[in-house]
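Analysis of the macromolecular model
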Amino acid sequence: MTDTPPDRLSTNHRSPFFQQELLERGIGIRFKDGVRHDVEEYCISEGWIRVALGKKVDRNGNPLTLKLSGPVEAWFERPAASDGAADDADEG
């Protein structure tokens, strides 16, 4: 895994941009010079994020989202899990 988050990532498991292993590392999002913790989906190249609109849901139970445009910066909150245990076993 790299230390650069993907250009687009979603927390919705039905989305083609959902990647569980990346979400488990934690993603930090800076949007318009503020850190956001309520981002459902983001796209760095297109410059937008999707955030939940309160506790409102659609008829299928999915949260209603609002698309906000502006500069987006993303980073991983935790480093990638390394295979250090496997490397240590080979050395001994």
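Check the entry above for the structure.
Residues numbered from 1 in each chain as written. Predicted model: local features only at pLDDT ≥ 70, side-chain atom pairs only at ≥ 80, totals over all residues. Heavy atoms only, no water.

1. Some remarks on the overall build of the protein chain
- A count of helices and strands for the protein chain gives 2 helices and 7 strands.
- Secondary structure of the protein chain in N-to-C order comes out as β-α-β-β-β-β-β-β-α.
- Looking at the protein chain residue by residue over its 92 residues, the buried ones come to 26%.
- Of the roughly 6,500 Å² that the protein chain leaves accessible, carbon and sulfur atoms contribute 48%. (Helix = DSSP H or I, 4+ residues; strand = E, 2+ residues; numbered from the N terminus. Buried < 20%, exposed > 50% of the residue type's maximum accessible area, 1.4 Å probe, protein only. Areas by Shrake-Rupley, 256 points an atom, 1.4 Å probe, with all protein chains shown as cover.)

2. Considering the sheet that holds strand β5 (residues 48-57)
- Read from one edge of the open sheet, 4 strands run β1-β4-β5-β6, paired in antiparallel fashion. For this open sheet the edge positions go to β1 (8-10) and β6 (63-69), each flanked by a neighbour on one side alone. If you compare each strand with its neighbour and ignore which way they point, the axes differ by 25° on average.
- Bridge analysis of β5 against β6 gives 6 bridges, and the strand direction is antiparallel. Bridge assignment links I49 to a residue of β6, and that residue is L68. (Pairing = 2+ DSSP bridges. Axes fitted to C-alpha atoms, helices over the stretch in contact; angles between N-to-C directions.)

3. Some details on the nonpolar core
- Among the nonpolar cores identified, the biggest contains 12 residues, and these are L9, L22, I27, I29, F31, V39, Y42, I49, V51, V72, A74 and F76.
- Listing elements by their share of this core, those giving two or more residues are β2 (27-31), β4 (39-43), β5 and β7 (72-76).
- Look past the residues within four positions of V51 in its chain and what remains in contact with it is R36, D38, V39, E40, L64, T65, L66 and L68. (Core = buried A, V, L, I, M, F, W, Y, C linked by side-chain atoms within 4.5 Å. Contact = heavy atoms within 4.5 Å.)

4. A closer look at the environment of T11
- Here T11 is to be found in the loop between β1 and α1 (20-23).
- The exposure class of T11 is partly exposed, given its relative accessible area of 37%.
- Spatially, the C-alpha atoms of T11 and Y42 are 9.5 Å apart, while their sequence positions differ by 31 residues.

5. Details of a nonpolar patch on the surface
- A contiguous nonpolar patch, built from L53, L64 and L66 and spanning about 220 Å² of accessible area, is present on the exposed surface.
- As for its placement among the helices and strands, L66 is situated in strand β6. (Patch = residues over 30% accessible without salt bridge, like charges linked within 9 Å, V, L, I, M, F, W, Y side chains within 5 Å. Salt bridge = Lys/Arg side-chain N within 4 Å of Asp/Glu carboxyl O.)

6. Remarks on the environment of R50
- With respect to the element layout, R50 can be found in strand β5.
- A residue is classified by how much of its surface remains accessible, and R50, at 26% relative accessible area, is partly exposed.
- Sequence spacing of R50 and L68 is 18 residues, and the spatial spacing of their C-alpha atoms is 6.3 Å.
- Sequence-distant contacts of R50, defined by excluding residues within four places in its chain, comprise D38, V39, E40, E41, T65, L66 and K67.

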